[in-house]
Amino acid sequence: MNVTHPGRILEINPQFTTVEFTSHSGCSSCHAKELCGFGESGDKVIQLPTDPYDFREVGAEVEVLMKQSMGLKAVWISYVIPLLLLMAAVLVANAFGASELVCGLSGLVTVALYYFVVWLFRGKLRNEFVFELK
């Protein structure tokens, strides 16, 4: 299954095509969306590799296509794994009898190191998370 969003081409150069689209959250009809951090929607700008055989122009209306599995993978990388690492670090520090301050700091340092490693591999991740124009 694929997820699509209507978008508009902002810029085309030999390497990248820049597309702007509006991302709507799945809970846009919820009455508590202003209180919740998950109710965000807004304009997003992404860059896709330029297809030399695509003859669209700047300002053209397009659909941005993403595989649903990529979204699930992004959730795991950005939310689930850091949460598990945080909990593991706090529990391990607590098991060794560390104070609450040390337990909290160990969790924060572990998550910071995880995000640093993700940042180091951003080039590889950029190649895995590829959007398409339809």
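Look a little higher up for the structure.
Peer 1: So what's going on with a nonpolar patch on the surface? Which residues, and what values?
Peer 2: The grouping of Phe-116, Val-117, Trp-119, Leu-120 and Phe-121 at the surface amounts to a nonpolar patch, some 520 Å² of accessible area in total. The class of Leu-120 is partly exposed, set by a relative accessible area of 48%.

Peer 1: Can you explain the pairing of strand β4 (residues 61-67)? Please cite residues and give values.
Peer 2: Sheet analysis places strand β1 (residues 2-12) next to β4, joined by seven bridges and oriented antiparallel. Paired with Asn-2 across the bridge in β4 is Lys-67. Alignment of β4 against strand β5 (residues 132-133), held across two bridges, turns out to be antiparallel. By the bridge assignment, Val-64 is partnered in β5 with Leu-133.

Peer 1: Could you give an account of the side chain of Thr-18, with specific residues and numbers?
Peer 2: Mapped onto the fold, Thr-18 is located in strand β2 (residues 16-23). Note on Thr-18: relative accessible area 8%, which makes it buried. If sequence neighbours within four positions are ignored, Thr-18 has contacts with Arg-8, Ile-9, Leu-10, Glu-11, Val-45, Ile-46 and Gln-47.

Thresholds, definitions, all that
Residues numbered from 1 in each chain as written. Predicted model: local features only at pLDDT ≥ 70, side-chain atom pairs only at ≥ 80, totals over all residues. Heavy atoms only, no water. Patch = residues over 30% accessible without salt bridge, like charges linked within 9 Å, V, L, I, M, F, W, Y side chains within 5 Å. Areas by Shrake-Rupley, 256 points an atom, 1.4 Å probe, with all protein chains shown as cover. Salt bridge = Lys/Arg side-chain N within 4 Å of Asp/Glu carboxyl O. Buried < 20%, exposed > 50% of the residue type's maximum accessible area, 1.4 Å probe, protein only. Pairing = 2+ DSSP bridges. Helix = DSSP H or I, 4+ residues; strand = E, 2+ residues; numbered from the N terminus. Contact = heavy atoms within 4.5 Å.

By themselves, these are just geometric observations and shouldn't be taken as functional.
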